Amino acid sequence: TTGARILLEFRINGHMMGEEFTVASCDIPRRVNVQVFGTEVLEEIVLIKNNEDFYVHRGKSDHEGFEIVDEAPISRTDFYYIRVIQKDGEMAWSSPIWAGV
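Residues numbered from 1 in each chain as written. Predicted model: local features only at pLDDT ≥ 70, side-chain atom pairs only at ≥ 80, totals over all residues. Heavy atoms only, no water.

1. Quick notes on the nonpolar core
Rules: Take the buried residues of types Ala, Val, Leu, Ile, Met, Phe, Trp, Tyr and Cys, join any two whose side-chain atoms come within 4.5 Å, and each joined set is a nonpolar core. For every residue, the accessible area (1.4 Å probe, protein chains only) is compared with the maximum for its type, and the residue is labelled buried under 20%, exposed over 50%, or partly exposed between those bounds. Think of it this way: any DSSP run of H or I at least four residues long counts as a helix, any run of E at least two long counts as a strand, and we number them from the N terminus.
Ranked by size, the top nonpolar core spans 22 residues in total, and within it Phe10, Val34, Val36, Ile45, Ile82 and Val84 carry the most contacts. Looking at this core, the elements that each hand over two or more residues are strand S1 (7–12), strand S4 (30–37), strand S5 (42–49), strand S7 (63–70), strand S8 (77–86) and strand S10 (97–100).

Structure representation (structure tokens):
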């Protein structure tokens, strides 16, 4: 974080941030679950895939969550992470999760 005590939980198919996992087929969907507890209203929570914004969740309170499914075929290895921005400018990032075949 940039200093604020923002709590962030991020999982893909049950795997926690910082993990690497493989799937049997590149067609297996990835179910992404995110929960954030901020210290101020959360402006946006961005799911980043392979260094590109994949999904943006606009916040309305200091705690937000969402679930999204990525059904695109996995390339050799895809990686995901979360970026959180609060209304007061404080930020947080997750560790990445790597998914591969």
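2. Quick word on the side chain of Asp70
Basically, it comes down to this: Residues adjacent in sequence count toward polar contacts only when both atoms are side-chain atoms; beyond that, a polar contact is any pair of N or O atoms within 3.5 Å, and within protein one must be able to donate a hydrogen and the other to accept it. We call two residues contacting when some pair of their heavy atoms lies within 4.5 Å.
Along the chain, Asp70 turns up in strand S7. A distance of 2.6 Å separates the side chain of Asp70 from the side chain of Tyr80, its partner in a polar contact. Setting aside residues no more than four positions away along its own chain, Asp70 makes contact with Pro29, Arg30, Lys49, Phe54 and Tyr80.

3. Considerations on the sheet that holds S7
How we decide: Whether two strands pair comes down to DSSP finding at least two bridges between them.
With respect to topology, four strands assemble into an open sheet ordered S2-S1-S4-S7, the strand pairing being antiparallel. Two strands in the sheet have a free side with no partner beyond their single neighbour: strand S2 (15–16) and S7. Looking at chain direction, S1 and S4 are connected through six bridges and run antiparallel. What sits directly across from Ile12, in S4, is Val32.

4. So, the packing of aromatic side chains
How we decide: The rule is short: rings of Phe, Tyr and Trp, with Trp giving its six-membered ring, pair when the centres are within 6.5 Å, and they are stacked under 30 degrees, edge-to-face over 60, tilted in between.
Going through the model one piece at a time under the given rule, you end up with one aromatic pair. An angle of 50° between the planes, with centres 5.0 Å apart, marks the rings of Tyr55 and Phe66 as tilted. One end of the pair, Tyr55, is in strand S6 (residues 52–58); the other, Phe66, is in strand S7, and eleven residues separate them in sequence. The partly exposed category is assigned to Tyr55, whose relative accessible area is 28%.

5. Quick word on unusual backbone geometry
With a phi angle near 50°, Asn13 is a residue other than glycine that sits in the positive phi range. Examined against the element boundaries, Asn13 turns out to sit in the loop between S1 and S2. Not every positive phi belongs to a glycine, and Asn51 is a case in point at roughly 65°. Among the secondary structure elements, Asn51 is positioned in the loop between S5 and S6. Looking at Asn51, the relative accessible area reads 56%, which means it is exposed.

The values are spatial; any link to function lies outside them.
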